[in-house]
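Spelled out from the first residue to the last, the chains are:
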Amino acid sequence: MKRILSVLRTLAVFAAVAPAAFGAHAQAPQPPEIAARTYMLVDVTAGQVLAAKDIDAPVEPASLTKLMTGYLVFDALRAKKISLEQKLPVSVRAWKMPGSRMFIDPKMQVPVEDLIKGMIIQSGNDATMALAEGVGGTAENFVKLMNDQAKALGMNGTSYKNPEGLTEAGHTTTARDLSVLATRLMKDFPEYMHYYATKQYSYPGTPASNGSNRNTLLFRDPTVDGLKTGHTAAAGYCLVATAKREFPGVGPRRLLSIVLGAASENARANESQKLLNWGYTAFEAVKLFDAGKPVATPAVWKGTESVLKIGRDDAIVVAVPSGSAGKISTQIVRPDPLVAPFTKGQSVGSLKVVLGDQALAEVPLVALEEVPQAGILGRAWDAIRLWIK
């Protein structure tokens, strides 16, 4: 249930803001010209879309498919279905995978951690197939798990046909779905994100020349720490990149760029860097409330407490056009009256953030503490008070 609620909150925040939300009184900064078929820039910290082009158009994900494969592998690790030290066999099918490779063969028994590095850093289709067979039993069963997970995450424009991303009819996704997947990957499995920032890796006995991470932004920008590249003739050159930079009064601010269908390896890196730099300069982050701090304490009826503390477990941060931080206002939207019981984490309403006469964001609010139902006398007394009110 917690994971389902988290998905809904993620989708609600992403759906709340888009560049089109800005009007004449709150002009949206215009993104730079991006040479790609489709692109998207998300402020992950604020949960806002800062720039977008054709984000619901179906596209081939190429090796960005491996983001979902990684999600399921990490989930299996957390559930202790596999371990990092466990050695997996290399099937003939995995060995013969075309495209990018880790260069493993059926004579090897390869630790899961090395296969993860081979999949992420070298984009190895052979490593990916070995992991898919190790987690799912067969590649076909693993693909079913991929599609089930995509549905659970709300990735309604995605259909997987294989775990590695080679061109296949019906194997498609969208930039919007990739933003949801990448954001949830970082949020749900932070303990495994260091693999995406690793610049060099090669498995003993395989060519060292094959060891550089395909994400060249890792070598250019020290604030970039992921995530994944992709390329096929049909998909073009693709990159899902993320950066984290520190800002006074806000702390770490993470942006996520998605560039799909660029013309070359260099172009996808350049266009992604352009988007990230623009996002950090065209928008500033404003921390409205610290993590766990009440946004409001409205009266609650028929409960053991007289007020209900509402807010969020994480800090409430919004991205606003640079120079406009002093012009924003907030409004709480919630049911009235609030009648107990309330459980901790229960959805209570939302915080609307407005610039001029245009909505910037709508952030879901929850009960920060439990408020049980009062006894029969307390409920009866509040019932009379409510009737008089």
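Provided above is the structure to which this section pertains.
Residue positions are counted from 1 within each chain, in the order its sequence is given. Since the coordinates come from a predicted model, pLDDT governs what is reported: local features require at least 70, and pairs of side-chain atoms require 80 or more to be given and counted, while whole-chain, interface and lining totals use all residues. In computing side-chain properties, one takes all heavy atoms of the structure into account and sets aside hydrogens as well as water.

It is worth spelling out the pattern of salt bridges at this point. By convention in these notes, a salt bridge is any Lys or Arg side-chain nitrogen within 4 Å of a carboxyl oxygen on Asp or Glu. Enumeration according to the criterion identifies 15 salt bridges in this entry. Of the charged contacts in the structure, one is a salt bridge between Lys-144 and Asp-148, with a shortest N-O distance of 3.0 Å. Here Lys-144 and its partner Asp-148 are both found in helix H6 (residues 139-152), four residues apart, which amounts to about one turn of the helix. For each residue, the accessible area found with a 1.4 Å probe, counting protein chains only, is set against the maximum for its type, and the residue is called buried under 20%, exposed over 50%, and partly exposed in between. Overall, Asp-148 belongs to the partly exposed group, its relative accessible area being 40%. Numbering of helices and strands runs from the N terminus; a helix is a DSSP stretch of H or I covering at least four residues, while a strand is a stretch of E covering at least two.

When its volume is computed, the second largest pocket comes out at roughly 220 Å³. Of the two site types, the cavity is a set of points on a 1 Å grid over the protein atoms alone where a 1.4 Å probe fits but cannot get out, and the pocket is an open set with protein on both sides within 12 Å along at least five of seven lines, each lined by residues with an atom within 4 Å of a point. Surrounding the second largest pocket, 17 residues form its lining, Ser-63, Ser-100, Ser-123, Gly-230 and His-231 being those nearest its centre. The set of elements that each furnish at least two residues to the lining of the second largest pocket consists of strand S5 (224-232) and helix H9 (265-282). In terms of residues, the lining of the second largest pocket owes the most to one element, S5, which gives four residues. We call Asp, Glu, Lys and Arg charged. Ala, Val, Leu, Ile, Met, Phe, Trp, Tyr, Cys and Pro are nonpolar, and the rest, Gly among them, are polar. Residues belonging to the lining of the second largest pocket are distributed by class as follows: three nonpolar, ten polar and four charged. Grid points are joined across faces, edges and corners, and a volume is the space filled by probe spheres set on the points.

This next bit is on the sheet that holds strand S6 (residues 236-247). Pairing is antiparallel in the open sheet, where five strands are placed in the order S2-S1-S7-S6-S5. Either end of the sheet is taken by a strand with one partner, and the two such strands are strand S2 (48-53) and S5. Strand-to-strand twist of the sheet, defined as the mean angle between neighbouring strand axes without regard to direction, takes the value 10°. Two strands qualify as a pair provided DSSP detects at least 2 bridges between them. Strand direction decides the pairing type here: strand S1 (residues 38-43) and strand S7 (residues 251-262), joined by six bridges, are antiparallel. By the bridge assignment for S7, Tyr-39 is matched with Val-259. All axes are obtained by fitting lines to C-alpha atoms, using only the stretch in contact for helices, and the reported angles, taken between N-to-C directions, cover 0 to 180 degrees.

Burial runs high along S5: seven of the nine residues are buried. Pairing geometry for S5 and S6, over eight bridges, is antiparallel. Considered in S6, the bridge of Leu-227 is made with Ala-241.

What follows deals with the sheet that holds strand S15 (residues 347-355). Pairing within the open sheet is antiparallel, and its five strands lie in the order S9-S11-S16-S15-S13. The sheet terminates laterally at strand S9 (294-296) and strand S13 (328-333), the two strands that pair on one side only. Strand direction decides the pairing type here: S13 and S15, joined by six bridges, are antiparallel. Each bridged residue has a counterpart across the sheet, and for Gln-331 the counterpart in S15 is Lys-352.

To pair, rings of Phe, Tyr and Trp, with the six-membered ring standing in for Trp, must have centres within 6.5 Å; the planes then decide the type, stacked if under 30 degrees apart, edge-to-face if over 60, and tilted in the middle. Applying the stated criterion across every chain yields a total of six aromatic pairs. Judged by centre distance (6.0 Å) and plane angle (55°), the ring pair of Phe-74 and Phe-189 falls under tilted. With Phe-74 in helix H2 (residues 66-78) and Phe-189 in the loop between helix H7 (175-188) and helix H8 (217-220), the pair connects residues that are 115 residues apart, well separated along the chain. Chaining the aromatic ring pairs together yields one cluster made of Tyr-71, Phe-74, Phe-189, Tyr-192 and Tyr-196. Directly above the ring of Phe-247 sits Arg-253, whose terminal nitrogen or CZ lies 5.7 Å from the centroid. Only when the NZ of Lys or the CZ of Arg is both within 6 Å of the ring centre and within 35 degrees of the ring normal is a charge said to sit over the ring.

Coordinates in, geometry out; function isn't part of it.
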